[in-house]
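# Coordinate analysis (summary)
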Amino acid sequence: MFDLIIRNGRTSIAPHSLDIGIQNGLITAIEHHIVAETHQTLDAQNQWVSPPFVESHIHLDSVLTAGKPRWNQSGTLFEGIEIWRDYKQNLTLEEVKTRAIEALKLQAQQGVLYVRTHADVSEKNLIALQALLDVREIVKDWITLQVVAFPQDGIYGSPDNEKLLEEALDRGADAVGGIPHYEMTREDGVKSVHRIFELAQKYDRLIDIHCDEIDDDQSRFLEVVAACAVRSDYGDRTTASHTTAFGSYNNAYALKLMGLLKRSRINFVSNPLINITLQARTDSYPKRRGITRVKELWQAGLNVSLGHDCIQDPWYSLGTGNLLDVASMAVHVCQMTGMDEISACYDMVTVHGAKTLNRSDYGLKVGHPANVIVLDGESPYDLIRRRSSVVAVVSRGRLLAQTTAPQVQWLGPPIAQI
Ligand code: FE2
């Protein structure tokens, strides 16, 4: 007896439709047609069935604050940091938790069941971090949340920051973060990367560094991250986020760097919605795209995932939490318009995201947690093109959300025979 059978789903696993049987929160059968009793049935009607979306990069501590205390007029990363610095002086645990859970619900109902959030640990009382650690516990029955200890103002930006970062790890942050391009000097930036690797190994944590999120073609901390990963054999557990300067490096240096990156096996997260708007604000024309080399990294066999980064915060006043919006933007901005490339962009918000989060329990496999979504579309290409609705979200074997896909009724005059 199954608890739930999802019937007639199109998947990437088989050319024909599949049924997925679920018991006790786990996928226990995947077959062409399951003949068994079940408490509940969900008919996918030959639409796409997928493991859930993975949000591999978001800042839940700052979501839903756009315009407070003021709007970002220049549109730059640096004005965003200034506004956030003012806002965060008055954070409370309840306020951060309320906003974070609201954003997680918004994402979960759109099929996101794994999330990596960054938590600013540059303020003395660590309220943002503690709030997100609390949220991780509150939501654990329906969404998997990882928290990165992120020193937004730099590890060496003020005397207490290094200690605060370590305290965040003591309190249970899943990953160590950093922002080397924002440290006061290049030397501080290099030192910060080395410190991040020391702390990650000491506390046995993952690494996710905001790396080279700037248009400066001389911002070259990615090579430091990759070299540290090679030397400590930590590549699978290391992520370089943003790396937008890589889009501005000359090709001779990029070629040399790519060899090192392949050796390092580190993960990459690109945030195309945000960086297409934040970057190149000092350019006149021609104006750069400000995005890392997503297509080339993917072609080189490196793991690349895509994140939303911000939803209505000082860096980006827009955002829906929908990862198909992110994948669609990547298709356009990274010029990944070939069929294989469009499919790869879908992978970047699903399976590649799970790899970034270092999850081994992800995917439509017998024995895995029953985290499954049903979408109103026939293929990843169709889903991204139409930014389809996620019509059903199953989390830990239970229906978490259902959405009715929009339907249009034509009320105009009949079309004459052609
Ligand atoms: Fe970020």
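Computed from a predicted structure; not experimentally measured.

## What to know about the overall build of the chain
- What the chain contains, in helices and strands, is 13 helices and 16 strands.
- The globule rule puts the C-alpha radius of gyration for 418 residues at 22 Å, and the 22 Å found for the chain is close to it.
- Overall, the chain is about 65 × 55 × 45 Å in size when its C-alpha atoms are taken along their principal axes.
- Burial statistics for the chain: of 418 residues in total, 61% are counted as buried.
- Sequence-distant contacts in the chain: of pairs separated by 6 or more residues, those separated by 24 or more amount to 76%.

## What to know about the pairing of strand 2 (residues 18-23)
- Taking burial as the measure, the six residues of strand 2 include five buried ones, the bulk of the element.
- In this sheet, strand 2 lies alongside strand 1 (residues 2-9) in antiparallel orientation, the contact comprising four bridges. Considered in strand 2, the bridge of Leu-4 is made with Ile-22.
- Bridging between strand 2 and strand 3 (residues 26-31) involves five bridges; their strand directions are antiparallel. Across the sheet, the residue bridging to Asp-19 is Glu-31, located in strand 3.
- Taking the residues that link successive antiparallel strands as the turn, the strand 2-strand 3 hairpin has two residues, and the phi of Asn-24 there is positive, at about 50°.

## A few points about the sheet that holds strand 5 (residues 48-50)
- Ordered in space as 5-14-15-16, the four strands form an open sheet in which the pairing is antiparallel. This sheet does not close on itself; its edge strands, each paired only once, are strand 5 and strand 16 (398-402). When strand polarity is set aside, the average angle formed by the axes of neighbouring strands in this sheet is 20°.
- Judged from the four bridges that link them, strand 15 (residues 390-395) and strand 16 form a sheet pairing that is antiparallel. Among the inter-strand pairings, Val-393 is bridged to a residue of strand 16, identified as Ala-401.

## Considering the coordination of the iron ion
- Distances from the iron ion to its protein donors, His-57 (NE2), His-59 (NE2), His-210 (NE2), His-242 (NE2) and Asp-309 (OD), fall within 2.2 to 2.7 Å.
- Written as a sequence motif, the donor arrangement for the iron ion is H-x1-H-x150-H-x31-H-x66-D. Of the two residues, His-57 is situated in strand 6 (residues 53-58) and His-242 in strand 11 (residues 238-242); the sequence distance between them amounts to 185 residues.
- Exposure remark for His-57: the relative accessible area of 0% places this residue in the buried category.
- The class of His-242 is buried, set by a relative accessible area of 1%.

## Looking at the pattern of salt bridges
- Applying the stated criterion to the full structure yields 28 salt bridges.
- Close ionic contact of Asp-19 with Arg-7 constitutes a salt bridge, the shortest N to O distance being 2.6 Å. Of the two residues, Asp-19 sits in strand 2 while Arg-7 sits in strand 1, which places them twelve residues apart along the sequence. Per residue, the accessibility class of Asp-19 equals that of Arg-7, and both read buried.
- Two residues, Arg-288 and Asp-283, come together in a salt bridge whose shortest N-O distance is 2.8 Å.
- Taking the relative accessible area as the measure of exposure, Arg-288 reaches 35% and is therefore partly exposed.
- Judged by relative accessible area, Asp-283 falls into the buried class, the value being 15%.
- The structure contains a network of salt bridges with shared partners spanning Glu-82, Arg-85, Lys-88, Asp-120 and Asp-153.

## Points about the nonpolar core
- By size, the foremost hydrophobic cluster in this structure holds 115 residues, and its most contacted members are Phe-53, Leu-60 and Leu-261.
- Membership of the second largest hydrophobic core comes to 14 residues, among which are Leu-4, Ile-22, Ile-27 and Val-372.

## Quick notes on the sheet that holds strand 10 (residues 206-211)
- Across the sheet, which stays open at both edges, the eight strands sit in the order 6-7-8-9-10-11-12-13 with parallel pairing between neighbours. Two strands in the sheet have a free side with no partner beyond their single neighbour: strand 6 and strand 13 (304-306). With strand direction ignored, the average angle separating the axes of adjacent strands in the sheet is 25°.
- Examined bridge by bridge, strand 11 and strand 12 (residues 267-270) share three bridges and lie parallel to one another.

## What about the packing of aromatic side chains?
- All chains considered together, the criterion is met by eight aromatic pairs.
- For the pair Phe-53 and Tyr-346, a centre-to-centre distance of 5.8 Å together with 70° between the ring planes defines the contact as edge-to-face. With Phe-53 in strand 6 and Tyr-346 in helix 11 (residues 339-348), this pair connects stretches of sequence that are 293 residues apart. Accessibility classification places Phe-53 together with Tyr-346 in one group, the buried group.

## Regarding unusual backbone geometry
- Here Lys-68 and Pro-69 are connected by a cis peptide whose omega angle stands at -10°.
- Mapped onto the secondary structure, Pro-69 falls in the loop between strand 6 and helix 1 (77-87).
- Residue Pro-286 follows Tyr-285 across a cis peptide bond; omega there is 0°.
- Relative to the elements of secondary structure, Pro-286 occurs in the loop between helix 8 (272-278) and helix 9 (294-299).
- In this model, Gln-312 sits at a positive phi of 50°, which is unusual for a non-glycine residue.

Criteria and thresholds
- Residues numbered from 1 in each chain as written.
- Predicted model: local features only at pLDDT ≥ 70, side-chain atom pairs only at ≥ 80, totals over all residues.
- Heavy atoms only, no water.
- Helix = DSSP H or I, 4+ residues; strand = E, 2+ residues; numbered from the N terminus.
- Rg over C-alpha atoms; globule rule 2.2 N^0.38 Å.
- Buried < 20%, exposed > 50% of the residue type's maximum accessible area, 1.4 Å probe, protein only.
- Contact = heavy atoms within 4.5 Å.
- Pairing = 2+ DSSP bridges.
- Axes fitted to C-alpha atoms, helices over the stretch in contact; angles between N-to-C directions.
- Donors = N, O, S within 2.8 Å, 3.2 Å for Na, K, Ca; no water.
- Salt bridge = Lys/Arg side-chain N within 4 Å of Asp/Glu carboxyl O.
- Core = buried A, V, L, I, M, F, W, Y, C linked by side-chain atoms within 4.5 Å.
- Phe/Tyr/Trp six-rings, centres within 6.5 Å; stacked < 30°, edge-to-face > 60°.

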